[in-house]
Amino acid sequence: MAHVKKGDKVQVIAGGHKGATGTVASVNEAKQRVVVEGVRKIKKTIKRSEANPEGGIVEIDGPIHISNVKKVD
């Protein structure tokens with residue numbers, strides 16, 4: 001059982017994004033990863049499709065190990 005869940009406000013306590021705060025967007029308990037909105041932006045290439053005819057590069061929030069975040073009030 002994870003100590004944080006979707007919607008919780010958390011602070012990053014370790015790593016390159018230490019000190020950043022945000023809201024948990026998703027939790028993957030099997031891989032022990034959380035996605036925090038606005039923290040650890042990564043660029044991802046996407047193929048052309050009907051939904052996105054241009055394709056190209058988009059910025060998304062990347063996952064952080066669950067041990068590197070703590071819940072804040």
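That block above? That's the structure.
Okay, so let's go over this structure.

1. Some words on the pairing of strand β2 (residues 21–28)
Okay, so step 1: Sheet topology places strand β1 (residues 9–12) next to β2; three bridges connect them, and they run antiparallel. Among the inter-strand pairings, Gln 11 is bridged to a residue of β2, identified as Thr 21.
Okay, so step 2: Relative to strand β3 (residues 33–36), β2 runs antiparallel, the two being bridged by four bridges. Among the inter-strand pairings, Ser 26 is bridged to a residue of β3, identified as Val 35.
Okay, so step 3: In textbook terms, the turn of a hairpin is the stretch between consecutive antiparallel strands, and for β2 and β3 this stretch comprises four residues, one of which, Gln 32, has a positive phi near 55 degrees.

2. Notes on the side chain of Asp 8
Okay, so step 1: Within the element layout of this structure, Asp 8 appears in the segment before β1.
Okay, so step 2: A relative accessible area of 11% places Asp 8 in the buried class.
Okay, so step 3: A polar contact of 2.9 Å, which involves the side chain of Asp 8, links it to the backbone nitrogen of Lys 5.
Okay, so step 4: Discounting residues that sit within four places of it in the chain, Asp 8 has contacts with Gly 22, Thr 23, Val 24 and Lys 71.

3. A closer look at the pattern of salt bridges
Okay, so step 1: Taken as a whole and assessed by the stated rule, the structure comprises two salt bridges.
Okay, so step 2: We note a salt bridge from Asp 8 to Lys 71, for which the minimum N-O separation is 3.6 Å. Of the two residues, Asp 8 sits in the segment before β1 while Lys 71 sits in strand β7 (residues 69–71), which places them 63 residues apart along the sequence.
Okay, so step 3: For Lys 71, a relative accessible area of 47% corresponds to the partly exposed category.

Reading the values: rules and limits
- Residues numbered from 1 in each chain as written.
- Predicted model: local features only at pLDDT ≥ 70, side-chain atom pairs only at ≥ 80, totals over all residues.
- Heavy atoms only, no water.
- Pairing = 2+ DSSP bridges.
- Helix = DSSP H or I, 4+ residues; strand = E, 2+ residues; numbered from the N terminus.
- Buried < 20%, exposed > 50% of the residue type's maximum accessible area, 1.4 Å probe, protein only.
- Polar contact = N/O pair within 3.5 Å; in protein donor to acceptor, adjacent residues only side chain to side chain.
- Contact = heavy atoms within 4.5 Å.
- Salt bridge = Lys/Arg side-chain N within 4 Å of Asp/Glu carboxyl O.

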